[in-house]
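Analysis of the macromolecular model
Residue strings, one per chain:
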Amino acid sequence: MDSKLILVDGNSLIHRAYHALPPLETASGQQTNAVYGFTTMLLKLLEQENPTSLAVAFDIGRETFRTEHYSLYKAQREQTAEGLLAQFPLVRKVLAAFGLPYFEREGFEADDIIGTLAMQGAQAGFKILIVTGDKDALQLVDENINVLLTRRGITKLDLLDPAAVIAELGVKPTQVPDYKALTGDVSDNIPGVPTIGPKRAAKLLEQFDSIEHIYENLSQINKRWQELLLEHKDQVFLSRDLATIRCDVPLNCDWKECRLKQLQFERVEPLFRELEFNRLLERMFPQSAQEAALDIKSQTNYRLLQTESDLKPWLRENIATEFSFLVDEEEGEPAGVALAAGKATAYIPWPLIRTMRSFFENKRLIKNTFHLKAALKQLALVNVAVEGASNDVLLASYLLNPTLGGQSID
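Residues numbered from 1 in each chain as written. Predicted model: local features only at pLDDT ≥ 70, side-chain atom pairs only at ≥ 80, totals over all residues. Heavy atoms only, no water.

**Points about the environment of A320**
With respect to the element layout, A320 can be found in the loop between α17 (308–318) and β8 (322–330). By relative accessible area, A320 is classed as exposed at 64%. For the pair A320 and R92, spaced 228 residues apart in sequence, the C-alpha separation works out to 51 Å. (Helix = DSSP H or I, 4+ residues; strand = E, 2+ residues; numbered from the N terminus. Buried < 20%, exposed > 50% of the residue type's maximum accessible area, 1.4 Å probe, protein only.)

Put into structure tokens, the structure is as follows:
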């Protein structure tokens, strides 16, 4: 079977997105930076790696078999911020809309779920790609399993195979738990041996292969390191247990559920509208998004003014002191202009725009719009100037809340 399975460390990518992006919010105040970053990373993976199957793993709670074994495991970590915590259900909704499965299990971490799925997937004939920011996963690397390690923000990722793991840490993938048994891990509060750093640990494991062999050959080691290793022997073996990924989590995985399906606009669109990922939706489904916009337009209660004889009376009757306008574009080209004056609304095709020149150039008339800069560029193409433009809704929105939206004001 020539198939690629991507296993995503959900917690790792969500945390990275949350801290890498500004606190984006919807109009209702729902923070969305983590779910937006996660979604864009997911789409990038699908596009660049072209997998046949994909699954996501999550932690579920802080209590695991590791905390039962060592109560101080990850004890130094702060509680998850409310703004981040509230976005986990939204990420799960995105996965459901995409038709992608996710796995979580009480008492285990996402690492253990990924390790279990990786072993099962490799046995089923998949080539495995693990996507994470946690170097613990490097212990899983072999000829069938590689790790795509997130380095910086949500864009920098490095592919690590067995040779790259040796270049990265100085030890083989199978030695990573022993390596962490010696060095410890501050982020997970794994103790290790004080003063033994990465270089010393790698040198010891290069010489003796494992911590068992290190202790069997203590007489060959510098006396200072002998004393430290003897003093912290129990701690060393505890640290290795904590750092070792379990690959026997009881999971019921149907690989058919992990097979990628064609993304459906009807499933994704309502959620992306709720999250205000409108630009992202348009990039994913350009034709469907355009059709939806046209459908909304067709349901709007406005007058379609297709000739000068229709337009001129409407302008005289409705525009006295103020009007609002919005240039409508299709595929980057102006298609028409939506008008509003009081309760009256109208839509005119772009070729009629010159008929409104006197209204646009009348300084005494107040004009409101959305994204004035873009509108000025389009109107300038037909030699129509705008005088007295007073309110730009996009600019006002940005000034009130710079984190809102995703619409450029350039």
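**Notes on helix α14 (residues 265–275)**
F265, V268, E269, L271, F272 and L275 are the residues of α14 that are buried. Looking one or two residues beyond α14, the residue adopting positive phi is E276, at roughly 65°.

**Section: the side chain of Q31**
The topology assignment puts Q31 in the loop between α1 (10–20) and α2 (33–49). Here Q31 falls in the buried class, since its relative accessible area comes to 16%. One polar contact links Q31 to N33, side chain to side chain, over a distance of 3.3 Å. Once you skip the residues sitting within four places of it in the chain, Q31 turns out to touch Y18, P23, L24, E25, G83, Q87 and L90. (Polar contact = N/O pair within 3.5 Å; in protein donor to acceptor, adjacent residues only side chain to side chain. Contact = heavy atoms within 4.5 Å.)

**Some words on unusual backbone geometry**
Residue T195 is not a glycine yet carries a positive backbone phi of 75°. As for its placement among the helices and strands, T195 is situated in the loop between α8 (176–183) and α9 (198–208). Taking relative accessible area as the criterion, T195 reaches 53% and is therefore assigned exposed. If you check the backbone angles, D209 has positive phi at about 80° while not being a glycine. Topologically, D209 is positioned in the loop between α9 and α10 (211–216). A residue is classified by how much of its surface remains accessible, and D209, at 37% relative accessible area, is partly exposed.

**Remarks on the confidence of the model for the protein**
Predicted confidence across the protein gives a mean pLDDT of 88, with 90% of residues reaching 70 or more. Under a pLDDT of 50 for its full length, residues 400–410 has, in the predicted model, 26 contacts with residues more than four places off or in other chains. (pLDDT = per-residue confidence, 0-100.)

**Considering the nonpolar core**
Residues L7, I130, L182, I214 and L229 are the most contacted members of the largest nonpolar core, which totals 49 residues. If we ignore the near neighbours within four places in the chain, the residues touching I214 are L182, L204, L205, F208, I221 and L229. (Core = buried A, V, L, I, M, F, W, Y, C linked by side-chain atoms within 4.5 Å.)

**Here we look at the environment of A55**
The topology assignment puts A55 in strand β2 (residues 53–57). Sequence-wise, A55 and C253 are 198 residues apart; in three dimensions their C-alpha atoms are separated by 10.0 Å. If we ignore the near neighbours within four places in the chain, the residues touching A55 are L5, I6, L7, V8, P101, F103 and C258.

**Here we look at the environment of T150**
Locating T150 in the fold gives a position in strand β5 (residues 145–152). Measuring from C-alpha to C-alpha, the distance between T150 and V131 comes to 7.4 Å, with 19 residues separating the pair along the chain. Setting aside chain neighbours within four positions, we find T150 in contact with L13, R16, T132, G133, K156 and L157. Among the polar contacts made by the side chain of T150, one reaches the side chain of R16 at a distance of 2.9 Å.

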